[in-house]
Structures are given as C-alpha cells and as structure tokens.
Amino acid sequence: MTATLEIADGVGTISLARPPMNALDIATQDRIKELAEEATARDDVRAVVVRGSEKVFAAGADIKEMQAMDHAAMVVRSRALQDSFTAVARIPKPVVAAITGYALGGGCELALCADYRIAGENAKLGQPEILLGLIPGAGGTQRLARLVGPSRAKDLIFTGRHVKADEALRIGLVDQVVPADEVFTAAHAWAAKLAQGPAIALRAAKESIDAGLETDLETGLALERNWFAGLFATADRETGMRSFVEEGPGKAKFA
C-alpha cells in the first residue's frame, strides 16, 4: 500500500508509505483520494491527520513517471491529479497536516489541503515545478495564493525556492512549528481534541469558511446564516447550551 488509514480516538490518520521520499505517483494519488473519501464517509472518523514518514512528508511527484507522459496523457491525468488532492480538502471534518522534512511540489500542495499545518523544525516546503519548466498542477497556484497572498505565492512559485519552517510560519504557510520528533504527537493531539467536539457544527464552520472564501460577502453571510439557524435543530446545540447554563463554558461533552 502506498498510503494507509488508521483510526484511533476518533482520529483517522492517513499515512503516506512510499519510501524513501514518498513520491506521489499515480497509484499514490489514487490511493489518497480513496482514503480521503473513506475518512469522509466513516462515522468513527471525526478528525483527520495527514502525515508522511519521520524524515519526509512528501518530496513531490514521481518525476520519472511524469517524464514518460506526453501532452495528451497529461490532459487526461491532470483532472484526476487535482481530484485526488481536492478529496482531502473536501473532507468535511478538521484536517491537520503533520509536516516533517521535505514537503515539495505535490507534497506542499497536499499540505495546503489541510485546515491546519504543524511543521517540524526540520521542515522545508516549496513549489519547485518551475525548475522543471512546469507550474504546480495539483492546486498550488490556487491554494497557496489564497493562503499566503498572491505576491508571496508568486515569489515561491516563480523561484521554486524552498522555505524553512521559521519562514513558513512567518508567512502563514504553516500554523505551528515544533521539534521534529514532536510533530506527529502535536498533530494527533490537535485532531483528537476536535474529534471530541460537535461534529455537525465543525462541519458547518468548515464549509462556511471554505465556501465563503469562494464567493461574495453577501452570499457568504447567507451561507453562514443558514448553517447557524440549522444548528439549532441538532442535539449538540442542546448539549452545548445546557452545559453552559448548568456548568459554565467549555465543559460540554458531545456524542
């Protein structure tokens, strides 16, 4: 298997397993999509961690495999490539990327699909496709610009340079930096905490933010308003408000 899904404490961990560099060949791309869809469908998965190995998250696409492809082949494959990463971005549950070592090209694009990114002090991220005479093809030109802004995205994509963990944190490419040997523990803790939260409200929050960013303010506010009102029909809302009134804030236990 080029990637696996393991579940513990309500957290589904998608682990890339294609040593030595977790190169994202076609089989791995398809496997990522399959596992993302499984994590979406499973009720026992309430939050997700995406991780690589201890030394590398994912060093990018399988260049030898791509070199053999011509224009016609890539016209067919490019949609499936994007779809495999979009499946991760569309998991309607909190998703955290645990980034160790290199997260380059497709590896960086996969990390961009998470809601939150925790990087080790040894992490290096980048979009080096320009050095191959290409541009990012799995969402990098779109998700990176939305995350760090167009000017910073252009700098990284135009130059193909690698960004160390401290700079990645400074520009907003990652959200937290920890010692390399603490990345997986920190990512699992982040996911496990949210796995205990109100699942429908978390889904509503994620969809409202993500979909709202793709539309105008008025439409986004309507989306938020509909979700907000709809949550009053959920058991989690009853639990949360009752706990607040009877016990004070932050003590609710959601099913």
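Our subject is the structure listed above.
All values reported here derive from a predicted model rather than from experimental measurement.

This part is about the sheet that holds strand β6 (residues 102-104). Reading across from one edge, β4-β6-β8-β9 is the order of the four strands in this open sheet, with mixed pairing throughout. Two strands in the sheet have a free side with no partner beyond their single neighbour: β4 (56-58) and β9 (162-164). On average, each strand axis in the sheet is inclined to that of its neighbour by 20°, with strand direction left out of account.

Right, let's talk about a nonpolar patch on the surface for a bit. The grouping of I63, L132 and L134 at the surface amounts to a nonpolar patch, some 260 Å² of accessible area in total. For L132, the location among the structural elements is in the loop between β8 (124-126) and α5 (140-148).

In this section: helix α8 (residues 183-195). With 13 residues, α8 should reach 18 Å at 1.5 Å per residue; the first-to-last C-alpha distance of 18 Å fits that figure. If you check which residues of α8 are buried, you get V183, A186, A187, A191, A192 and A195. Elements that come into contact with the buried residues of α8 comprise β2 (11-16), β3 (47-51), β5 (95-99), β7 (116-120) and β10 (176-178).

Another point: the pairing of strand β1 (residues 3-8). With six bridges joining them, β1 and β2 adopt antiparallel strand pairing. Residue pairing for β2: T4 is matched across the bridge by S15. Adjacent in sequence and paired antiparallel, β1 and β2 are bridged by two residues, among which D9 carries a positive phi angle near 60°.

Between α5 and helix α6 (residues 150-159), the least distance of the axes is 7 Å, while the angle of their chain directions is 135°. With respect to each other, α5 and α6 are oriented oblique. Handedness of the α5/α6 crossing: right-handed. For the pair α5 and α6, contact is made by G140, T141, L144, A145 and V148 and by P150, R152, A153, L156 and I157, respectively. When grouped by side-chain class, the residues that make up the contact of α5 with α6 number seven nonpolar, two polar and one charged.

So, on to the packing of aromatic side chains. Given two aromatic rings, their pairing is described by the distance between the two centres and the angle made by the two planes. Under the criterion given, the structure shown has two aromatic pairs. Measuring from ring centre to ring centre gives 5.5 Å for F228 and F232, while their planes differ by 70°; the resulting arrangement is edge-to-face. Its end group placed over the ring of F184, R51 keeps NZ or CZ at 3.4 Å from the ring centre.

Reported here for the largest pocket is a volume of approximately 980 Å³. As for the largest pocket, its lining consists of 31 residues, of which A89, C113, D115, R143 and D210 are closest to the centre. Mapped onto the lining of the largest pocket, the elements with two or more residues apiece are α3 (71-89), α5 and α9 (199-212). Looking at the lining of the largest pocket element by element, the count peaks at eight residues for α9. The residue makeup of the lining of the largest pocket, split by class, is 15 nonpolar, four polar and 12 charged. Put simply, the second largest pocket is a space of about 620 Å³. The wall of the second largest pocket is formed by 30 residues, among which A61, M66, E129, L134 and I135 lie closest to the centre. Among the elements that line the lining of the second largest pocket, the one with the most residues is α3, at five residues. In terms of residue class, the lining of the second largest pocket is made up of 18 nonpolar, six polar and six charged.

The next point concerns α6. Within α6 the residues assigned to the buried category are A153, L156 and I157. Looking straight down α6, one finds that the buried residues subtend no more than 90° of arc, so they occupy a single side. Opposite its buried face, α6 presents the exposed residues S151 and F158, each directed more than 90 degrees away. In this fold, the buried residues of α6 make contact with α5, β9 and α7 (165-171). Once α6 finishes, G160 follows within two positions and takes phi at roughly 75°, a positive value.

On to the environment of L134. Mapped onto the fold, L134 is located in the loop between β8 and α5. Along the primary structure L134 and I157 are separated by 23 residues, whereas in three dimensions their C-alpha atoms are 9.9 Å apart. Setting aside residues no more than four positions away along its own chain, L134 makes contact with M66 and E129.

Structurally, T28 can be placed in helix α1 (residues 26-41). In terms of polar contacts, T28 uses its side chain to reach the side chain of D25, at 2.5 Å. Those residues within four positions of T28 in sequence are excluded, and the remaining contacts are T2, L16, R18 and A23.

Quick notes on the rules
- Residues numbered from 1 in each chain as written.
- Predicted model: local features only at pLDDT ≥ 70, side-chain atom pairs only at ≥ 80, totals over all residues.
- Heavy atoms only, no water.
- Pairing = 2+ DSSP bridges.
- Helix = DSSP H or I, 4+ residues; strand = E, 2+ residues; numbered from the N terminus.
- Axes fitted to C-alpha atoms, helices over the stretch in contact; angles between N-to-C directions.
- Patch = residues over 30% accessible without salt bridge, like charges linked within 9 Å, V, L, I, M, F, W, Y side chains within 5 Å.
- Areas by Shrake-Rupley, 256 points an atom, 1.4 Å probe, with all protein chains shown as cover.
- Salt bridge = Lys/Arg side-chain N within 4 Å of Asp/Glu carboxyl O.
- Expected span 1.5 Å × (residues − 1).
- Buried < 20%, exposed > 50% of the residue type's maximum accessible area, 1.4 Å probe, protein only.
- Contact = heavy atoms within 4.5 Å.
- Parallel < 35°, antiparallel > 145°, perpendicular 65-115°, else oblique.
- Left-handed = near helix turned anticlockwise from the far one by under 90°.
- Nonpolar A, V, L, I, M, F, W, Y, C, P; charged D, E, K, R; others polar.
- Phe/Tyr/Trp six-rings, centres within 6.5 Å; stacked < 30°, edge-to-face > 60°.
- Lys NZ or Arg CZ within 6 Å of the ring centre and 35° of its normal.
- 1 Å grid on protein atoms, 1.4 Å probe; cavity = no way out; pocket = protein on both sides within 12 Å on 5 of 7 lines; lining within 4 Å.
- Points joined across faces, edges and corners; volume = space filled by probe spheres on them.
- Arc of directions from axis to C-beta.
- Polar contact = N/O pair within 3.5 Å; in protein donor to acceptor, adjacent residues only side chain to side chain.

Purely geometric numbers; function is a separate question.
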